[in-house]
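# Working through the structure, step by step
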Amino acid sequence: MLFNKKALFAASSLLASVLAQEATAPEDSAVVKLTGESFKSSVEASDLVLAEFFAPWCGHCKKLAPEYVKAAQILRDEHNITLAQIDCDDNNNKELCMEQGIQGYPTLKVFKNGESSPDAGKSYDGQRSAEAIVEYMIKQSLPAVLTIEDTAELDELLTNTTSPVIVNYGIEKVAKNMLSIADSLSEMYTFVSVPGSKEQKIALYLPSGKDEPVIFDGKIDEVVEDKLILEEWLKVEALPYFGEIDGSIFQFYVQSELPMAYWFYVTEDQLEDYKEYFTDLGKQYRGKMNFVSIDAKQFGRHATNLNLKEQFPLFAIHNLTANMKYALPQMEDEEYAKLTEAPVIEKSEITQLITDFMDHKAQPIIQSEEIPEVQETNVFKLVGKTHDDIVFDNKKDVLVKYYAPWCGHCKRLAPIYEELADILAADKDAADKITIAEIDDTVNDVMGVEIPGYPTIVFYPAGKDAEPVLFESARTVEAFLDFIKANSGNKIDGPSIYDAYKKDLKAKQKAKREAERDADDDDDEDDFDHDEL
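A brief look at the structure comes next. (Residues numbered from 1 in each chain as written. Predicted model: local features only at pLDDT ≥ 70, side-chain atom pairs only at ≥ 80, totals over all residues. Heavy atoms only, no water.)

## Digging into the sheet that holds strand E4 (residues 107-112)
With mixed pairing, the five strands of this open sheet are ordered in space as E1-E3-E2-E4-E5. Looking at which strands have only one partner, the edges of the open sheet turn out to be strand E1 (32-33) and strand E5 (122-123). Pairing of E4 with E5 involves two bridges; the strand directions are antiparallel. Bridge assignment links Val 110 to a residue of E5, and that residue is Lys 122. Its contacts with the sheet put helix H5 (residues 130-141) on strand E2 (48-54), strand E3 (82-87), E4 and E5, and the angle it makes with E2 is roughly 140 degrees. (Pairing = 2+ DSSP bridges. Helix = DSSP H or I, 4+ residues; strand = E, 2+ residues; numbered from the N terminus. Contact = heavy atoms within 4.5 Å. Axes fitted to C-alpha atoms, helices over the stretch in contact; angles between N-to-C directions.)

## Looking at a negative patch on the surface
A cluster of acidic residues, Glu 418, Glu 419, Asp 422, Glu 478 and Asp 482, forms a negative patch on the protein surface. Of all the secondary structure elements, the ones that give two or more residues to the negative patch are helix H17 (408-426) and helix H19 (477-487). The leading source of residues in the negative patch is H17, at three residues. Considering the arrangement of structural elements, one finds Glu 478 in helix H19. For Glu 478, a relative accessible area of 43% corresponds to the partly exposed category. (Patch = residues over 30% accessible without salt bridge, like charges linked within 9 Å, V, L, I, M, F, W, Y side chains within 5 Å. Areas by Shrake-Rupley, 256 points an atom, 1.4 Å probe, with all protein chains shown as cover. Salt bridge = Lys/Arg side-chain N within 4 Å of Asp/Glu carboxyl O. Lys, Arg positive; Asp, Glu negative; His and termini not counted. Charge placed at Lys NZ, Arg CZ, Asp CG, Glu CD. Buried < 20%, exposed > 50% of the residue type's maximum accessible area, 1.4 Å probe, protein only.)

## Re the pattern of salt bridges
Enumeration over the complete set of coordinates arrives at 19 salt bridges. In this structure, the salt-bridge partner of Lys 485 is Asp 493, at a minimum N-O distance of 3.7 Å. Classification of Asp 493 as partly exposed rests on a relative accessible area of 27%. Overlapping salt bridges bring together Glu 231, Glu 232 and Lys 235 as one network.

## Looking at the sheet that holds strand E12 (residues 260-265)
If you walk across this open sheet you meet the five strands as E11-E13-E12-E14-E15, and the pairing is mixed. The open sheet terminates on both sides in strands that have one partner only, identified here as strand E11 (242-244) and strand E15 (324-327). Within the sheet, the average angular offset between the axes of one strand and its neighbour, ignoring direction, is 25 degrees. In this sheet, strand E13 (residues 290-295) lies alongside E11 in parallel orientation, the contact comprising three bridges.

## A few points about the layout of surface pockets
Empty space among the atoms becomes apparent when a probe as large as a water molecule is rolled across them. Space inside the largest pocket adds up to approximately 1400 Å³. Around the largest pocket, the lining is made up of 46 residues, and of these Thr 162, Pro 164, Pro 207, Ile 249 and Phe 252 lie nearest the centre. Broken down by secondary-structure element, the contributors of at least two residues to the lining of the largest pocket are E5, H5, strand E9 (201-205), E11, helix H10 (250-256) and helix H11 (268-284). If you tally residues by element for the lining of the largest pocket, the top one is H5, at five residues. Estimated volume of the second largest pocket: approximately 860 Å³. (1 Å grid on protein atoms, 1.4 Å probe; cavity = no way out; pocket = protein on both sides within 12 Å on 5 of 7 lines; lining within 4 Å. Points joined across faces, edges and corners; volume = space filled by probe spheres on them.)

This is the structure in structure tokens:
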């Protein structure tokens, strides 16, 4: 932000070029090595620390190492900011890494104001480049809203910034709300106050520096009353009409909560031929849909996330809030393989799809496994094609586990969930009134259900106007049954059913033991009858 990128990074480029591809920073670097013993005292003695929790064998850690060393030198020399490393593979540090909740490598956490607790550490999820780390950490060291009086200083900031900058030119009555917004959005935007200005406006400058600033044209008095007005304006206007997207700015688009229209291209001609067209669409649908280009050579696999084949160029729309995907029809694999040149997508077809989407006439692309011919256990297997029909059956209570096959928590829950299904299936009355179901969320699209993590468990009570209920209790059979009793539209008494189930199971086990004992007695008699001298 407030630095000359070219000068600072040139000074450290030589160091980065000679570093071996090792995860551990060299002893003579600016990276501070911390241990389980020194971590707490070192962090608590510092105003700002970025700590990398790593393992020497980790490939991603090795890739990060030269960038991290370069950033450490710049931040130490120019801004007195500490970058540290903790080797989680070292037995002396494993307890610390567990306390900090480290689940993968590298994990980067920011600690401010001398606080070293796990909750105080804020995860760094930005780009793993020296430039991005330096800019992020400088931001962390500055006030949420920068006060700038000097025009030259403001010009320097606008020239060098890589994030959108929002400037309050002398409107004192919005300063409080500006500070509140900055506290929550400062990682993505830079906030500046120019208190001495007579311009009396709020302006947004995009990182490209090519366009004139976007001026807030709403009513200032309304912003004073409701900060969300300015916040929502910022989330939309900070995005270009048609811009290139990658992982570093994807969060900006997610924050806007608008549908995203993707143009996947392979050649520069495919981008240039459509750039003016998509820019015009971006202006036409400003505040309703975002338009982005994406380099299919680098990010082509993202097409599969949109339920599409990697056939480029292609156009697709993703409704982020509903997680619904739309696209033009694609070719059969055999037909596409025979092509000698890339297919041409007519702009008129793209326009029609956008119009149909806006009019709620477009049909989404649903990813789904095939419907099982037989349900093999008492846990009902849902797929994308059957999900809504089952969970929105007004006559039955339905408990659904949304899971991923690779999820460790899901694997641990599986036998408990199966036992729950067996208990309720054993009760004839309950079996007709409740379904215990699961769905693999990684290969089945489910509309309108927010899945914050795996497993997510949602209860859909019977009844026409019943609202879904998120299960957030302990993952035990007893907790599930108590939860069902409390929320069942069919008045299913889970604990009573469980008591009866255990009683019946105990009786069956007793009968089995007696039968086995009788069988043993018969075998003994047979042996006696046939004994010979």
